[in-house]
Amino acid sequence: MMMDRYRRLIVAGTLMSSLVTTAYAQTAPAASVAAVADSAAGRTVQTLATGWRFHQGDAPADVTAGTFDDSAWESVSVPHTWNRVGFYRPDPQSHIHRAETVNKAQGLGWYRQRFTVPASFSGKRIWIEFDAASRIASVWLNGKKLGDHAGGFSRFRVDATEALVKSGENLLVVRTDNSAPSGKDATTADVLPLTGDFFVHGGLYRPVRLVAVDPVHIDLADFGGSGVLATTASASATTARIDVRTRITNAGRRASATRVAVSLIDAEGRTAASTQTALKLAPSVTQDAALTLDVANPHRWQGVADPYLYTLSVDVLDSRGRVIDRVRQPFGIRTIRVDPDKGLFLNDQHVQLRGVGYHQDREGKGWAIDASDVAADVAIMREIGVNAIRLTHYQHGQTIHDLADRYGLLVWDEIPLVSAWTRRGELEPRAALIDNARQQMRELIAQNGNHPSVITWGIANEVDFGNSFPAFLTGYPDGKSPDPLPLLRTLQEVAHAADPSRPTALATCCEGRLFDKGTAIPTTAVAADLGGANRYFGWYFGVPGDLGPHLDALHALRPQQPLSVTEYGAGGATTIHSDNVLGGPIDSRGLTQPEEYQSYIHEEALKTLNARPYLWGTFLWNSFDFATTIRTEGDAQDINTKGLVTYDRSIRKDAYYLYQANWSATPTVHITGRRYVDRAYRVTDVRVYSNAASTDLLLNGRSLGVLRDCPERICVWRDVALAEGSNALVARGGGAEDRVAWTLSPDASANVRIDAGAIVAAPATRRFGSDSFFTGGKPGTLVKPADYGKPAVPAVIAGTQDSAVAATYREGRFSYAIPLADGRYAVTLTFVEPSLAAGARVFDVRANGKAIVKALDIAATAGGSSKALVRSATVTVRGGKLDLSFEPSKGDAIVSAIEVTR
């Protein structure tokens, strides 16, 4: 029933990746284009890459007519998108994307293409194939509407046979629409995704082709699939059984006697197994042919260790034995099982999944990337030892799947059911949206079910926020929220019916986390076979150490369901730096997002995840920075900076090398903090990610010692004293070497200025470093942090020119051990009372045991809160260290800035 409805709505399909295609250059309005064909197979493919005319926005009613003048339209090639989203604020001239070059417009995009077809198309059925058109598309040929497609990520085809002019010029017109699905009359209101932390680019951003086939052919209307679905039913070292279902269509006017022949061909070109069956096809009928291949001594697809691929060939033969259609695709024989306590097994061999999330956009191209772009991204991932990819949060193209097959990478595929499934304020999804979700699930499976790399079908991402969002964002009344479980159960049934051989999966955000009283979080993990947890402890909530106990609790709650970690990480701005990642609060939705903190989160998470063998997989977030329109964070606008690599692929962040050192056999030695060149402090720790058995660190040619077998491959040299001027650091081990150059100004060499309570030192009239050298206490700030697109609100502190420094603080009972050369120094302390009344906070400050501030009551002395108070003293430093202790007698001690100058 669903298939029939789908045929009426839009005829959809995909060619297998092994079919030959070619691009062409159109030099005239209606150039004749040479086609690429397999003459023995009778299938011809012609790529429509150039010669397109494009217009962004609405168009006149006669835009589909041949007489319409499109000479003023832009000339473009396909793949194409008009969107350019996201930019880095520093050094804009070094980037393609800048504030003045971005284009975030969402709406209509029109395409027109004139073409002729070769004589060989005569007597064929002609289809037009679109690898993707976002978000929705309508197609006309020679003024006749061929169909619509809802969903911006899957391949679809329209049958153009009756509208095609085979001996003259043809006019193809396509309207795409990536309008935001918000608003009462939105054209995309019932098309997934409804929301998400990624930008939905518009246009024909994947290739377009003509496909010519015999009237009797392998079905081109199989939910975007090839018409062939092959499944490894069983496999051992001695035998394997492969079930092959082929859909055969007779679009002719007469009955047809045909045979379907299936062969499995090994890498040397030998036939490993074959079988065939006869079919009698009535006119205008599509029929399944179910066949089984028995393979002796199969060479199994063993992931990255041995990604061996056969070729699966399906031929359709006429009554005289001639091949009239053929589909070929690489095929890997493999079995997957997932144990809730021991993890994932590929062909009964345990594989620890080391994965990344991946979005398909990049600077300068958006979603209109080509195969070489995808290959370059996969190469970057493989450099760090990745063996799994979560293709988020929508269906990706065939190129990434083909590369995953070739390199043995295991893939989590998913549909774009992300966070929302109802219109604003509505508690039930519309029937049209449910249909669209079902359609996108069927398309995902039909188009990718033959890839050995695909191990699970993701049915949703983070649909368990419940009523944790404020009503002004959701529009839901009285603290209520929609129930996701009915739709999830529907998708679970669709996935199992379409592909019983693979488990489903689902990524949650919120189960088991602490929320305010009255917050109701639905338990959605039970709706899928495999569990996945997106958890950002230490970033959006909690501390990094919470992750392990939280995962243990989830595992204990459902001991029979395998659990994975599907997202974890932190933003990392390559131009923002910290002297101590524990010095102050992180601003996860604002500007204060130093690269060092991203590394810290990944270091802590790696320790936690390595200690939990029950996890069937882990997928860090994210492989690359990507575009969104809900973020002003770090050093970027409209970019999610959680990637290990920047949006333009030019910088591999420090955390990238943490994983390369841990996951890859490539000799790796990497000094972190390389982009923090002008250092604030003379004494610092030096961190090196190294998988060498022993690693030596040299400073200005002098060895600082050799460290061996560093835990999690993180080697740390403590309290390294830099020289005034240039400092050359060299790390060596295992045949690998890394070099960085840091500088230390005369002021930083002689003096110390600490912005207490700050993870990143604020700009000021004098150079400060972030909070360092402390023991105890906790950081705080008078700045109202950024939240949900709202910028941070700075504090106004009276009595100082440096409000940003004075606004942060450390409080409690705490001390500082500040490394200094021996001598006499002036100590200047800045205090600010955040909120307490006079008498509520009283404390002393001691320098090397001697009181330099006694019984200080800031509110009483300064005359209230948010007023700077400064105290100074002269001290003598002996033994290379100044000890400052802050000792409360009532309430907590507090300090906002510490300056120690010669």
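Computed from a prediction, not measured in an experiment: that's the story for all the values here.

1. Considerations on the overall build of the protein chain
Stage number 1. Scanning the protein chain from terminus to terminus reveals 12 helices and 52 strands.
Stage number 2. Here the C-alpha radius of gyration of the protein chain, 31 Å, is about what a compact globule of 902 residues would show, namely 29 Å.
Stage number 3. Counting only C-alpha atoms, the protein chain reaches 105 × 65 × 55 Å along its principal axes.
Stage number 4. Buried residues in the protein chain amount to 59% of all 902 residues.
Stage number 5. Considering only intrachain contacts with a sequence separation of at least 6, the fraction spanning at least 24 residues in the protein chain is 74%.
Stage number 6. Carbon and sulfur atoms make up 50% of the accessible area of the protein chain, which totals about 33,500 Å².

2. Structural notes on unusual backbone geometry
Stage number 1. Here the residue pair Ser134 and Arg135 is connected by a cis peptide bond, since its omega of -15° sits within 30 degrees of zero.
Stage number 2. Mapped onto the elements of the fold, Arg135 is located in the loop between strand 7 (125-130) and strand 8 (136-141).
Stage number 3. Here Leu192 and Pro193 are connected by a cis peptide whose omega angle stands at 5°.
Stage number 4. Here Pro193 shows up in the loop between strand 11 (170-177) and strand 12 (208-213).

3. Regarding the sheet that holds strand 4 (residues 74-76)
Stage number 1. Read from one edge to the other, the open sheet built from six strands follows the order 4-3-6-11-8-9, with strand pairing classed as antiparallel. Two strands lie at the open edges of the sheet, namely strand 4 and strand 9 (144-150), each paired on one side alone. The mean angle between the axes of side-by-side strands here comes to 25°, regardless of whether they run parallel or antiparallel.
Stage number 2. In terms of strand pairing, strand 8 meets strand 9 through six bridges, oriented antiparallel.

4. Overview of the environment of Asn727
Stage number 1. Turning to its location among the elements, Asn727 is positioned in strand 40 (residues 725-733).
Stage number 2. Residue classification places Asn727 among the buried residues on the basis of a relative accessible area of 2%.
Stage number 3. Polar contacts involving the side chain of Asn727 include one to the side chain of Asn700, which spans 3.5 Å.
Stage number 4. At 3.3 Å, the side chain of Asn727 and the backbone oxygen of Gly725 are in polar contact.

5. A word on the packing of helix 7 (residues 547-557) against helix 8 (residues 595-610)
Stage number 1. Orientation of helix 7 relative to helix 8, taken along the N-to-C sense of each, is 35°, at an axis distance of 9 Å. Here helix 7 runs over helix 8; the crossing is right-handed. Here Leu547, Gly548 and Leu551 of helix 7 come into contact with helix 8, specifically with Ala605, Thr608 and Leu609.
Stage number 2. Of the residues that constitute the contact of helix 7 with helix 8, the class distribution is four nonpolar, two polar and no charged.

6. So, the environment of Ala817
Stage number 1. Along the polypeptide, Ala817 turns up in strand 45 (residues 808-819).
Stage number 2. Assessed through its relative accessible area of 32%, Ala817 is described here as partly exposed.
Stage number 3. Residues Ala817 and Phe773, spaced 44 residues apart in sequence, show a C-alpha to C-alpha distance of 5.5 Å.

7. Notes on the sheet that holds strand 38 (residues 702-708)
Stage number 1. What the five strands build is an open sheet, ordered 35-41-40-37-38; its pairing is mixed. Looking at the sheet topology across the chains shown, the edges are occupied by strand 35 (678-679) and strand 38.
Stage number 2. Where strand 40 meets strand 41 (residues 736-744), nine bridges bridge the pair, whose relative direction is antiparallel. Across the sheet, the residue bridging to Ser726 is Thr743, located in strand 41.

8. Here we look at the nonpolar core
Stage number 1. In this structure, Leu417, Met441, Leu488 and Tyr659 are the most contacted members of the largest nonpolar core, which totals 90 residues.
Stage number 2. Sequence-distant contacts of Leu488, defined by excluding residues within four places in its chain, comprise Leu417, Ile459, Ala460, Val463, Leu506, Thr524 and Ala527.
Stage number 3. Counting 34 residues, the second largest nonpolar core, distinct from the first, contains Ile754, Tyr816, Leu869 and Val877.

9. What about the state of the cysteines?
Stage number 1. Taken as a whole, this structure holds two disulfides when the rule is applied.
Stage number 2. Within the protein chain, bonded cysteines paired by disulfides and numbered along the sequence follow the pattern 1-2, 3-4.

10. A short note on the pattern of salt bridges
Any two side chains of opposite charge can pair, given that their charged atoms come close.
Stage number 1. Within the structure shown, the criterion is met by 56 salt bridges.
Stage number 2. Residues Arg125 and Asp159 are paired through a salt bridge, measuring 3.0 Å at the closest nitrogen-oxygen approach. Taken as a pair, Arg125 in strand 7 and Asp159 in strand 10 (residues 156-159) lie far apart in primary sequence, 34 residues in all.
Stage number 3. Residue class for Arg125 comes out buried when judged on its relative accessible area of 16%.

11. Quick notes on the confidence of the model for the protein chain
Detailed conclusions should not be drawn from predicted coordinates in areas where pLDDT is low.
Stage number 1. Mean pLDDT over the protein chain works out to 94, with 95% of the residues at or above the 70 mark.
Stage number 2. Low confidence marks residues 11-35, where pLDDT is under 50. Its contacts with residues over four positions away, or in another chain, come to 88 contacts.

12. A closer look at helix 9 (residues 654-663)
For an α-helix, 3.6 residues make a turn, and residues three or four places apart therefore share a direction.
Stage number 1. Here helix 9 lies mainly inside the structure; nine of its 10 residues are buried.
Stage number 2. Inspection of helix 9 places Asp654, Ala655, Tyr656, Tyr657, Leu658, Tyr659, Gln660, Ala661 and Trp663 among the buried residues, and these make up the whole buried set.

13. Details of the pairing of strand 45
Stage number 1. In terms of residue burial, strand 45 counts as a mostly covered element, since nine of its 12 residues are buried.
Stage number 2. The sheet contact formed by strand 45 and strand 51 (residues 893-895) spans three bridges and is antiparallel. Following the sheet pairing, Gly812 is matched in strand 51 by Ala893.
Stage number 3. The sheet contact formed by strand 45 and strand 50 (residues 881-890) spans six bridges and is antiparallel.

14. Side note on the packing of aromatic side chains
Stage number 1. In total, this model carries 30 aromatic pairs according to the counting rule given.
Stage number 2. Taking the centre distance of 6.2 Å and the plane angle of 65° together, the rings of Trp539 and Tyr540 count as edge-to-face.
Stage number 3. Over the ring of Phe774 we find Arg810, and its NZ or CZ is 3.6 Å from the ring centre.

How each quantity is defined
Residues numbered from 1 in each chain as written. Predicted model: local features only at pLDDT ≥ 70, side-chain atom pairs only at ≥ 80, totals over all residues. Heavy atoms only, no water. Helix = DSSP H or I, 4+ residues; strand = E, 2+ residues; numbered from the N terminus. Rg over C-alpha atoms; globule rule 2.2 N^0.38 Å. Buried < 20%, exposed > 50% of the residue type's maximum accessible area, 1.4 Å probe, protein only. Contact = heavy atoms within 4.5 Å. Areas by Shrake-Rupley, 256 points an atom, 1.4 Å probe, with all protein chains shown as cover. Pairing = 2+ DSSP bridges. Axes fitted to C-alpha atoms, helices over the stretch in contact; angles between N-to-C directions. Polar contact = N/O pair within 3.5 Å; in protein donor to acceptor, adjacent residues only side chain to side chain. Left-handed = near helix turned anticlockwise from the far one by under 90°. Nonpolar A, V, L, I, M, F, W, Y, C, P; charged D, E, K, R; others polar. Core = buried A, V, L, I, M, F, W, Y, C linked by side-chain atoms within 4.5 Å. Disulfide = S-S within 2.5 Å. Salt bridge = Lys/Arg side-chain N within 4 Å of Asp/Glu carboxyl O. pLDDT = per-residue confidence, 0-100. Phe/Tyr/Trp six-rings, centres within 6.5 Å; stacked < 30°, edge-to-face > 60°. Lys NZ or Arg CZ within 6 Å of the ring centre and 35° of its normal.

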